[in-house]
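# Secondary and tertiary structure notes
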Amino acid sequence: MQLTSPPAVASSPRRPPGPKGLPLLGNLLELRRDILGHYEQWARQYGDIVAFRFGAWPAVLLNNSDYAEYVLVRNHRNFIKFPLFFRHVQAIFGQGLLTSEGETWHRQRRLAAPAFHTERVAGYGAVMVDETERMLARWRDGELRDAHADMMAVTLRIAAKTLFNAEVEEDIADIGTTSEMLANEIMHRVRRPFRIPDLIPTPGNIGYRRGVRRIDRLVRQIIAERQRDGRDRGDLLSMLMLARDDEGRPMTDQQLRDEVVTLLLAGHETTALALSWTWYLLSQQPEADAKLTAELQEVLGGRPPAVSDLPRLRYTEQVVTESMRLYPPVWGIGRQAIADCEIGGYAIPASTTILISAWVSHHDPRHFPEPMEFHPERWAGNLAATLPRFAYIPFGGGPRICIGNRFAMMEAVLLLATVAQRFQLEWQADHPVEPLPTITLRPKGGVWVRTMPRFSAGTDRSRHAFSPR
């Protein structure tokens, strides 16, 4: 994908170029058909800033890392989170870190930060490996499995264990099914040109309210049991319960509930998706898979990985980094302007929606030669240090960068190392995979693979034609 040069700056601010759209609907129909494809097309056609409309709401797509930095860092106080989307998840996440704004967000971020201190996060490495080994104990050589479903399940178990220090095996399937249903319903809502209030008993609304109640009931029960127990169990929930603000106040029960739901549901999915796409990519790139295997043999020699191994698992980390470049789990960042401003010489009125697409940025040939190719080696040198600050944004950026980014990256590398030592996962070409941009970038139809025992003789891996689209 080749982006055009930034439009010339006008002598006085004016509206950015962009597609016309339809009366009332704006560009919604185009985006419903293929939002990723249209973002790419608009970037090629119109350049680094593109004006369009979500129905009646004006929006701009930013395809320039400097413009993204202006919104996310330099003038971040003028932009709030995308209300057209986040109003649909308020019932689920409440006023947690994902959705809150202003002083509420600042207070919660300060209270939650100690739970994600580097040393604290490192202490969860053994849980990540142990839960992955438990999953692998159920796998059988040569069986057909949906790697995406497996990654979602194991990362959810890890989230529950590190968050609650509790076994909730009987609830995992229910939570996973419920979160899947909620994600699908939210995307249906976002794509509708009009809003249907929750109180109207449509099938979608009924299922949505039922799912929220189910998650709410489980989380509140766990919090209540922990409050009665009163002990510090060394998990994230204990840290949140012990946290105090500058005036010595703890989180309220509602604040605890909101943060726990956010960490449980949103916290596991990024890692699961990164790994799902990684298995899809590795299964079609025998050279990368062989290089990964060689590193695991050299560093681990067949034993389970540990946090202390991470500095030596450099290629393993590069594989994850490149996977998140090609298929960023958080494929877009949305904001809304509070007051009039100017970006790239163009006038941006208050209430304009701002979209920053990691999908477009990560495939920009100005920053990534051969952008549609899977080349983990591109991260071996100093690429990360030389890139513009917001050219690679798998965890967002600025003050609101994902608080669990170190946790997620450590988890992805340890899980990849644990599984890849034991199995090759051969993607089944008769189960096509398509990027599905819902709240996150999911593999539509799953990632169906055959589990082949690692290091077995005579394993023949066929190369499949590959394109990220």
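The structure presented is a predicted model; accordingly, all values stated were derived computationally and were not measured.

## Some thoughts on the confidence of the model for the protein
- Here the protein averages 87 in pLDDT, while 92% of its residues score no lower than 70.
- Looking at the elements of the protein, mean pLDDT is at its lowest for helix 3 (residues 83-86), recorded as 70, and at its highest for helix 14 (residues 314-326), recorded as 98.
- Per-residue pLDDT stays below 50 along residues 4-11; that stretch engages in 19 contacts with residues further than four places along the chain or on separate chains.

## A closer look at the packing of aromatic side chains
- The final tally for this structure, using the stated rule, is 15 aromatic pairs.
- Judged by centre distance (6.1 Å) and plane angle (55 degrees), the ring pair of tyrosine 124 and phenylalanine 407 falls under tilted. Here tyrosine 124, found in the loop between helix 6 (118-122) and helix 7 (125-136), pairs with phenylalanine 407, found in helix 17 (residues 405-422); they are 283 residues apart in sequence, far enough to count as distant. Across the pair, exposure class does not vary: tyrosine 124 and phenylalanine 407 are buried alike.
- Here a set of aromatic residues connected by ring pairs shows up, and it is made of Tyr39, Trp42, Phe52, Phe54 and Trp331.
- Over the aromatic face of phenylalanine 368 sits the side chain of arginine 325, whose NZ or CZ is 5.2 Å from the ring centroid.

## Comments concerning the sheet that holds strand 3 (residues 79-81)
- Ordered in space as 1-2-8-5-3, the five strands form an open sheet in which the pairing is mixed. Across the chains shown, the open sheet's two edge strands, defined by having one partner strand only, are strand 1 (49-54) and strand 3. Across the sheet, the axes of successive neighbouring strands diverge by a mean angle of 35 degrees, strand direction being ignored.
- The strands touched by helix 1 (residues 28-46) are strand 1, strand 2 (57-62) and strand 8 (353-357); relative to strand 1, the strand with the most contacts, the crossing angle is about 165 degrees.
- Sheet strands touched by helix 2 (residues 65-74): strand 1, strand 2, strand 3, strand 5 (332-337) and strand 8. Its angle to strand 8, the strand with the most contacts, is close to 125 degrees.

## Looking at the sheet that holds strand 12 (residues 448-453)
- In space, the three strands of this open sheet follow the order 4-12-9, with antiparallel pairing throughout. Strand pairing shows two members of the sheet lacking a second neighbour, strand 4 (144-146) and strand 9 (423-427), which therefore form its edges. Adjacent strand axes in the sheet meet at a mean angle of 40 degrees, parallel and antiparallel pairs treated alike.
- The sheet contact formed by strand 4 and strand 12 spans three bridges and is antiparallel. Bridging across to strand 12, aspartate 146 finds its partner in tryptophan 448.

Cut-offs applied
- Residues numbered from 1 in each chain as written.
- Predicted model: local features only at pLDDT ≥ 70, side-chain atom pairs only at ≥ 80, totals over all residues.
- Heavy atoms only, no water.
- pLDDT = per-residue confidence, 0-100.
- Helix = DSSP H or I, 4+ residues; strand = E, 2+ residues; numbered from the N terminus.
- Contact = heavy atoms within 4.5 Å.
- Phe/Tyr/Trp six-rings, centres within 6.5 Å; stacked < 30°, edge-to-face > 60°.
- Buried < 20%, exposed > 50% of the residue type's maximum accessible area, 1.4 Å probe, protein only.
- Lys NZ or Arg CZ within 6 Å of the ring centre and 35° of its normal.
- Pairing = 2+ DSSP bridges.
- Axes fitted to C-alpha atoms, helices over the stretch in contact; angles between N-to-C directions.

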